[in-house]
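Structural features, examined
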Amino acid sequence: MRYVNFIAMLLLAATICSCEANKSSEIYAEGVSWELALWRKSIVHDLKYELKFSIPESKAQAIEAEAKIRFRLDKSEEIVLDFRQSADMIGVVEMNGQKIEYEVRNEHIVIPKSASQAGENEVYITFTAADQSLNRNDEFLYTLLVPDRARTLFPCFEQPNLKAEFTLHLDVPKSWEVVSNTSVAEIRVTGDRKYVSFNPTEPLSTYLFSFVAGKLSKTEYKDGDRVLTAYYRETDPKRIAQLDDIFHQVAHSLHWLEDYTAIPYPFAKYDFIILPGFQYGGMEHTGATLYNDTQMFLSEHPTPDEELRRTSLIAHETAHMWFGDYVTMNWFDDVWTKEVFANYFAALITEPMFPDINHQLNWLKTTTAASLSEDRTQGSTSIRQDLDNLRNAGLVYGNIIYNKAPVMMLKLVEIMGEEAFRDGIRQYLKDYGYGNATWDDLIEILDARSDEDLASFSEVWVNKVSMPHIKFAVAENKLEISQHDPLQRGLQWPQKFDATIVTDTASQEVEVDLTSNAVVTVPLPESTKYILPNTDGRGYGYFMLEKDVLKNLMQMWHTVSDDTARQSLLMTLFENYQHLAIEDGEWLRFLVGALREEQNVLIASTLCGYLREPMRIMRDGAVEAQLLEMSNTHHLPSCRVQLLRTLISSSFSEELTAKLYDIWRDGKHPMLSQTDYMSMAYELALRMPDMADNIIKYQRERIENPDRQRQFDFISRAVSADETALDALFEELLQAENRRIEPWAESALAYLNHPLRTARAVKYIRPALDVLQEVQRTGDIFFPRGWVGSLLGNHRSEEAYAELMRFLEDNPDYPVLLRNKIMQAAWTLNKANSEPISHE
């Protein structure tokens, strides 16, 4: 490993020398090229930003701003700053106190070498801040700069390995609250304006700089010597009362991480802001973590899934304070290194807060299942992806880095042992605190603490795309378990898992070791009745089972007493269903029968989630009636509400629609929230077009919170019965300014492509795909995948498939990372127009 790093240093030196002698055109390319980042890292030292924004109360008025960028050079150099705005947004540009000539070129401000000097330098720029990354609403705004959006807001060196100290000044309306990465240093009030200065930050990458300003409520919580502060816009007292639980979970996460890492919380403060319409579940800005309000403020009767998801989200974002913020990836090709730690440690942090939950089962239900959902598609990627330019960094995000990476990490810890792994993690944080590191840096530290070949393990699990196909075959009283590479590269994924051999009188657990063998043979007792694969859930891949085996497994599945084994086997059946080895009707009947008997809340939740796809295909009124009856009588309360939500989204019979309408109109169901009633209104308007206007009007009158009213007004346009109005809304969504609140735009597009409308919605596919590159350029990191998911997720027809194929044929050189997002979203469409995979 040290040899590899030495070679990398030589290549870096050669690249820098080459750039110095004759700068590559890539230095000045749009975005931030790897070549530009390498060169700037070699010349820029001791970087500091001082930023000032003057924010008017009206979002229609421009925000004027100033930036002072201070740094040290070893010698005079040309300076290339990043600023993704037009030249007319730039006012004054000074270098070291003197006005200078400069060039605006391909999203950069280029300052000539003659203007700089050896030693300390200061660039001063006045500019108008663009709205793209300010997320301006009528009464509040917030910055969201990950991964490369700081350059849309202010001139900067936009690369994660040029960490800097930030000092912020905000000029805002007097009634507004303001929060940023650090504590307030000074407040001055003049008339109806308030001037707030913040203390300098610890070293931060540009994507972690943040501020929020607006009309916000505020609550403090004392945790020993530490004060935690929450800012929010929620007005419902019952939801606000949940802050006590939220504060407790934040405090628990901080204490757990301090204990595990042996490093005290490494930043000045811990505040969080809960916002309506926020694009992600959360974002780990130091001292100013942002959360989506629907993820934090739960309904009055939350399901166990919802409670676990909130706790995991809090733990995830808190883990980022050490993994991502304190130690940051060197470049965004390693962005997964911060996400793998956040999700891996989130599971460990969550565990003691829910002692009655089977957490291995929950890991399978959430992390493993999410990874498989993307890894099975034609758009699957490796965990580590090549990235030549930061403008494409948002496209490397997805279920592979968030979920397959933690699956890999769990296997790595199993190889090393937990104590050696923890010791390595502490050394990693100690060596690279407030700095940057690569995955190779970490592997070098871990490799020294293990006798195993971690580099080879990493090469397959981290650097290669796809997942293994694992076959079980029985012949002559022997079980043969083999692992195959579906892409025919001869790869083997080192892993271990258990299989269970069931005889007439007993069952036997057998560990299958595929760490060094492609095939494992196990002798079978003569009285063997059946074999259960992956009963401990450690195995990862597509466990391919013959049709008669699948049928037998579905018949006896409910008799498996171990909850983890039952969840794992259920997921194995589901994966075979996804690969067309189980027919829709057969699968739906199995799910309904399994739900009647299931006692575990998490497995019941999994079954409810699996219902949607076959229900939408089969549209079986008798099944819908059975599920409605279960939604009233099932012994698990959480299952009752989940079944009702499933019926709201996935039932189609007139009888069921009439009964749902009565439930909605009454508005007194003890387990439904206002969000549920809003969803019911959307779905009922689609199913009862003659009453659509009245349904929407009546539901809106029920909504008191102004932020939820705005959300309802936006999305409800997509369930109109007026086809001309629907087409007009679609045309509006093709314009970036109408997609500003991305979760709402995704919902509207999904309703335009609702299962009841797919025939007329085929015409939307091509124009929506044609603007996908602009969606990526103007949207945030998850929006391209969300856009194509809303567009394609409900389509199954030959016409829709042909439209997709024409787009791909017409664009043979389409960007690979963006094409992957399309193919991930098109899984159901591709599956409906494909033949089953042979199990021979």
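Each chain has its residues counted from 1, following the order in which its sequence is written. Local features in this predicted model are restricted to residues whose pLDDT is 70 or higher, and side-chain atom pairs enter the listing and the counts only when it is 80 or higher, whereas totals over whole chains, interfaces and linings include all residues. To obtain the side-chain values, all non-hydrogen atoms of the structure were included, while hydrogens and water were left out.

Describing the sheet that holds strand β9 (residues 140-142)
The cut-off we apply is this: Between any two strands, at least two bridges found by DSSP are needed for them to pair. Each helix corresponds to a stretch of at least 4 residues labelled H or I by DSSP, and each strand to a stretch of at least 2 residues labelled E; elements are numbered beginning at the N terminus. A fitted line through C-alpha atoms represents every axis, and for helices the fit uses only the stretch in contact; the resulting angles, taken between N-to-C directions, go from 0 to 180 degrees.
In spatial order, the strands read β9-β14-β11; together these three strands make up an open sheet with antiparallel pairing. Looking along the sheet, the strands with just one partner apiece sit at the ends: β9 and β11 (177-180). Neighbour-to-neighbour, the strand axes of the sheet open up by a mean angle of 5°, direction not taken into account. Where β9 lies against strand β14 (residues 211-214), three bridges are found, and the strand directions are antiparallel. Looking at β14, one finds that Leu-141 is bridged to Ala-213.

What to know about empty space enclosed by the protein
Under the convention used in this document: Cavities and pockets were defined on a 1 Å grid built over protein atoms only: a cavity is a set of grid points that admits a 1.4 Å probe from which the probe cannot escape, a pocket is an open set flanked by protein on both sides within 12 Å along at least five of seven lines, and lining residues are those with an atom within 4 Å of any such point. Grid points are joined across faces, edges and corners, and a volume is the space filled by probe spheres set on the points.
What the rule picks out here adds up to nine cavities of 30 Å³ or more. Of the voids in this model, the largest cavity is the one considered here, and its volume is about 120 Å³. If you go around the largest cavity, you meet 13 residues; those closest to its centre are Leu-372, Asn-534, Gly-539, Met-571 and Thr-572. Sorting elements by how many residues they give to the lining of the largest cavity places helix α15 (residues 563-578) first, with four residues.

Topic: the packing of aromatic side chains
Our working definition: Only Phe, Tyr and Trp rings are paired, with Trp represented by its six-membered ring, and only when their centres lie within 6.5 Å; those with planes under 30 degrees apart are stacked, over 60 edge-to-face, the remainder tilted. Whether a residue is buried, partly exposed or exposed follows from its accessible area with a 1.4 Å probe, protein chains only, as a fraction of its type maximum: under 20%, in between, or over 50%, in that order. Only Lys NZ and Arg CZ are tested; either one counts as a charge over a ring when it is within 6 Å of the ring centre and within 35 degrees of the ring normal.
Applying the stated criterion across every chain, the model contains 58 aromatic pairs. When the ring of Tyr-661 is compared with that of Trp-664, the centres are 5.6 Å apart and the planes differ by 45°; the resulting orientation is tilted. With Tyr-661 and Trp-664 both in helix α20 (residues 654-666) and three residues apart, the pair spans about one turn of that helix. Assessed through its relative accessible area of 0%, Trp-664 is described here as buried. Among the aromatic residues, those joined into a cluster by ring pairs are Trp-256, Tyr-260, Phe-323, Phe-341, Tyr-344, Phe-345, Phe-421, Tyr-428 and Tyr-432. If you follow Arg-105 out to its NZ or CZ, it ends over the ring of Tyr-28, 4.1 Å from the centre. Stacked on the ring of Phe-652, the Lys or Arg Arg-619 has its end atom at 4.1 Å from the ring centre.

A short note on unusual backbone geometry
The omega torsion across Val-146 and Pro-147 is -5°, close enough to zero to call that bond cis. Relative to the helices and strands, Pro-147 resides in the loop between β9 and α3 (150-153). In the Ramachandran plot, Asn-106 falls in the positive-phi region, its phi being about 50° despite a non-glycine side chain. Along the polypeptide, Asn-106 turns up in the loop between β6 (103-105) and β7 (108-111). When its relative accessible area of 38% is taken as the criterion, Asn-106 is described as partly exposed.

Comments concerning the side chain of Asn-436
Under the convention used in this document: Counted as a polar contact is a pair of N or O atoms within 3.5 Å, where, for protein atoms, one must be capable of donating a hydrogen and the other of accepting one, and residues adjacent in sequence contribute only when both atoms are in side chains. The contact criterion used throughout is that any non-hydrogen atoms of two residues lie within 4.5 Å.
When you line up the elements, Asn-436 lands in strand β21 (residues 435-437). Among the polar contacts made by the side chain of Asn-436, one reaches the main-chain carbonyl oxygen of Thr-328 at a distance of 3.5 Å. Separated by 3.1 Å, the side chain of Asn-436 and the backbone oxygen of Met-329 make a polar contact. When residues no more than four places from it in sequence are discounted, the contact partners of Asn-436 are Pro-160, Asn-161, Lys-163, Ser-205, Thr-328, Met-329 and Asn-330.

Re the packing of helix α21 (residues 674-687) against helix α22 (residues 692-702)
The cut-off we apply is this: In this scheme, roughly parallel covers angles under 35 degrees and roughly antiparallel covers those over 145, while 65 to 115 is roughly perpendicular and the rest are oblique. Classification used: nonpolar for Ala, Val, Leu, Ile, Met, Phe, Trp, Tyr, Cys and Pro, charged for Asp, Glu, Lys and Arg, polar for all others including Gly.
Remark: α21 packs on α22, axes separated minimally by 9 Å, with the N-to-C direction vectors making an angle of 170°. As summarised for this structure, α21 and α22 are arranged roughly antiparallel, according to the angle between their axes. Two secondary-structure elements touch here, α21 through Gln-674, Tyr-677, Met-678, Ala-681, Leu-684 and Ala-685 and α22 through Ala-692, Ile-695, Ile-696, Gln-699 and Arg-702. Across the contact of α21 with α22, the residue classes tally to eight nonpolar, two polar and one charged.

Regarding α15
Inclusion rule: Here, expected helix span is obtained from the residue count minus one, scaled by 1.5 Å.
Spanning 16 residues, α15 covers 22 Å between terminal C-alpha atoms, matching the ideal 22 Å at 1.5 Å per step. For α15, the side-chain oxygen to backbone nitrogen distance between the N-cap and Thr-564 is 3.2 Å, and the N-cap itself is Asp-562. Residue Leu-580 follows α15 closely and has a positive phi angle near 70°.

Notes on the sheet that holds strand β1 (residues 45-54)
What the eight strands build is an open sheet, ordered β5-β4-β8-β2-β1-β10-β13-β12; its pairing is mixed. The two strands at the open ends of the sheet, each matched to only one other strand, are β5 (98-99) and β12 (184-190). Here β1 runs beside strand β10 (residues 165-173); their pairing, made up of seven bridges, is parallel. Residue pairing for β10: Tyr-49 is matched across the bridge by Phe-166.

Digging into the confidence of the model for the chain
Filter applied, for reference: Confidence of the prediction at every residue is given by pLDDT, a number between 0 and 100.
Summary statistics for the chain give a mean pLDDT of 95 and a share of 97% for residues scoring 70 or more. Overall, residues 1-21 carries pLDDT values under 50, and its contacts beyond four positions in sequence, including any with other chains, amount to 19 contacts.

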